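Here are the chains, one letter per residue:
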Amino acid sequence: MSCKTEELAIDLLERVLMKLGLSDRPAPTLDGLQTLYAAWCRKVPFDNVRKLIHMHNHNPGPLPGDDAAEFLEAWLTYGTGGTCWAGHGALHALLVSLGFQASRGMGTMLVAPHIPPNHGTVLVTWDAMRYVVDASILHGEPLRLDASMPTGITHPAWGVQCSMRDGHWYIRWRPIHMPDGLDCRLDYLQVTRETFRERHEQTRPWSPFNYELYARLHCGEAVVGTTGGQRVELNAAGGVVHRRLEGDDRTRLLVDELGMKEEIVQRLPPDTPTPPPPWSRTAQNAS
């Protein structure tokens, strides 16, 4: 499918750039990519707020953010982001609308060995080099892929390392629920919009983001978010600070720190325990 058909309407594009704090359109250059991606990391959270509401209401319609324009309109209205398939679909549409040579990629967050691809991402080609701009990892700067040497982003809170092993690039990063680090393996550097939509829909029966609130965003020189009923901060000193969310703490975190509207936050259901994934030994034994 031609990227031309995926471009955003001009009015939507201008409103998105304005909310990102970009008074001028970023040029489709490496500097422009840096400017745009840094703004995204500070303004568009990785979160499952709308997905939790959707799942709680047993809504049979398309999952929230499955359409890039719908994702961005919701972000403009509520300040919410989305999970990987939704967020990267929107970031990809924004990039191609600005003239970048962008593609959707697919990889695997290696939470267990021998699992199928479970992560969407975005890559941009500039001057014959590929750069990852991941809307879930939020690594602050475009990450260059170089088969000849390791690369990385140096930062105490959102830094990552990348190297090639066994014919695949692996990105080592720090999720807020696994701050000691997790590998993301890049399996495919170009997949279609239909693949994203199929993979997104496959998360409806089970996903780690279907049950408990999760969010992540750059705040100053820290990564701030929530998982497991806690506020988690990866701070500028490289440390990790956990604090249990009690009373109205969850609302204050999402509204005051992550920039969401109270209107959408008040619709969030309570967390429910995440069952074991269908591929796990625990789930198979139970069945």
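Below, the structure is looked at part by part. Predicted model, so just to flag it, every value in this text is computed and none were measured.

1. Things to note about the pairing of strand β8 (residues 168-173)
Right, on to step 1. Bridge count between strand β7 (residues 160-165) and β8: five bridges; the pairing is antiparallel. Bridging across to β8, Q161 finds its partner in R172.
Right, on to step 2. Taking the residues between adjacent antiparallel strands as the criterion, β7 and β8 are bridged by two residues, where D166 takes a positive phi near 55°.

2. Notes on the sheet that holds strand β3 (residues 119-126)
Right, on to step 1. The strand order across the open sheet built from eight strands is β5-β4-β3-β2-β9-β8-β7-β6, with neighbouring strands paired in antiparallel fashion. Of all strands in the sheet, those with a lone pairing partner are β5 (143-145) and β6 (151-153), marking the two edges. Neighbour-to-neighbour, the strand axes of this sheet turn through a mean angle of 35°, independent of strand direction.
Right, on to step 2. Docked against the sheet, helix α6 (residues 193-201) engages β2 (101-109), β3 and β9 (182-191), running at close to 30° with respect to β2.

3. What to know about the packing of aromatic side chains
Right, on to step 1. Counted by the stated rule, this structure contains five aromatic pairs.
Right, on to step 2. Seen from their ring centres, F209 and Y214 are 5.4 Å apart, and the 75° between their planes marks the pair as edge-to-face.
Right, on to step 3. Cluster of aromatic residues (ring-pair linked, three or more members): F46, F209 and Y214.
Right, on to step 4. Note that K19 overlies the ring of W75, its terminal NZ or CZ placed 4.8 Å from the centroid.
Right, on to step 5. Its end group placed over the ring of F196, R104 keeps NZ or CZ at 5.6 Å from the ring centre.

4. As for unusual backbone geometry
Right, on to step 1. Of note, the phi angle at L138 is positive, near 55°, even though the residue is not glycine.
Right, on to step 2. Considering the arrangement of structural elements, one finds L138 in the loop between β4 (129-132) and β5.
Right, on to step 3. Its relative accessible area of 0% is what places L138 among the buried residues.

5. Observations regarding the pairing of β2
Right, on to step 1. Among the nine residues that make up β2, eight are buried, leaving the element largely enclosed by the rest of the structure.
Right, on to step 2. Examined bridge by bridge, β2 and β3 share seven bridges and lie antiparallel to one another. Counted as the bridge partner of Q101 is T125 from β3.
Right, on to step 3. Pairing analysis gives five bridges linking β2 to β9, with the strands arranged antiparallel. When the bridges of β9 are listed, M106 appears paired with Y188.

6. A word on the pattern of salt bridges
Note that side chains of opposite charge can pair when their charged atoms are close.
Right, on to step 1. For the structure shown, the criterion picks out 18 salt bridges.
Right, on to step 2. For the salt bridge of E73 with R15, the shortest nitrogen-to-oxygen distance reads 2.7 Å. On the criterion of sequence distance, the pair formed by E73 in helix α4 (residues 68-78) and R15 in helix α1 (residues 10-19) is long-range, its members being 58 residues apart.
Right, on to step 3. When the shortest N-O distance is used, the salt bridge between R197 and D66 registers 3.7 Å. Highlighted residues: R197 in helix α6 and D66 in the loop between α3 (49-56) and α4, separated in sequence by 131 residues.

About the thresholds
- Residues numbered from 1 in each chain as written.
- Predicted model: local features only at pLDDT ≥ 70, side-chain atom pairs only at ≥ 80, totals over all residues.
- Heavy atoms only, no water.
- Pairing = 2+ DSSP bridges.
- Helix = DSSP H or I, 4+ residues; strand = E, 2+ residues; numbered from the N terminus.
- Axes fitted to C-alpha atoms, helices over the stretch in contact; angles between N-to-C directions.
- Contact = heavy atoms within 4.5 Å.
- Phe/Tyr/Trp six-rings, centres within 6.5 Å; stacked < 30°, edge-to-face > 60°.
- Lys NZ or Arg CZ within 6 Å of the ring centre and 35° of its normal.
- Buried < 20%, exposed > 50% of the residue type's maximum accessible area, 1.4 Å probe, protein only.
- Salt bridge = Lys/Arg side-chain N within 4 Å of Asp/Glu carboxyl O.

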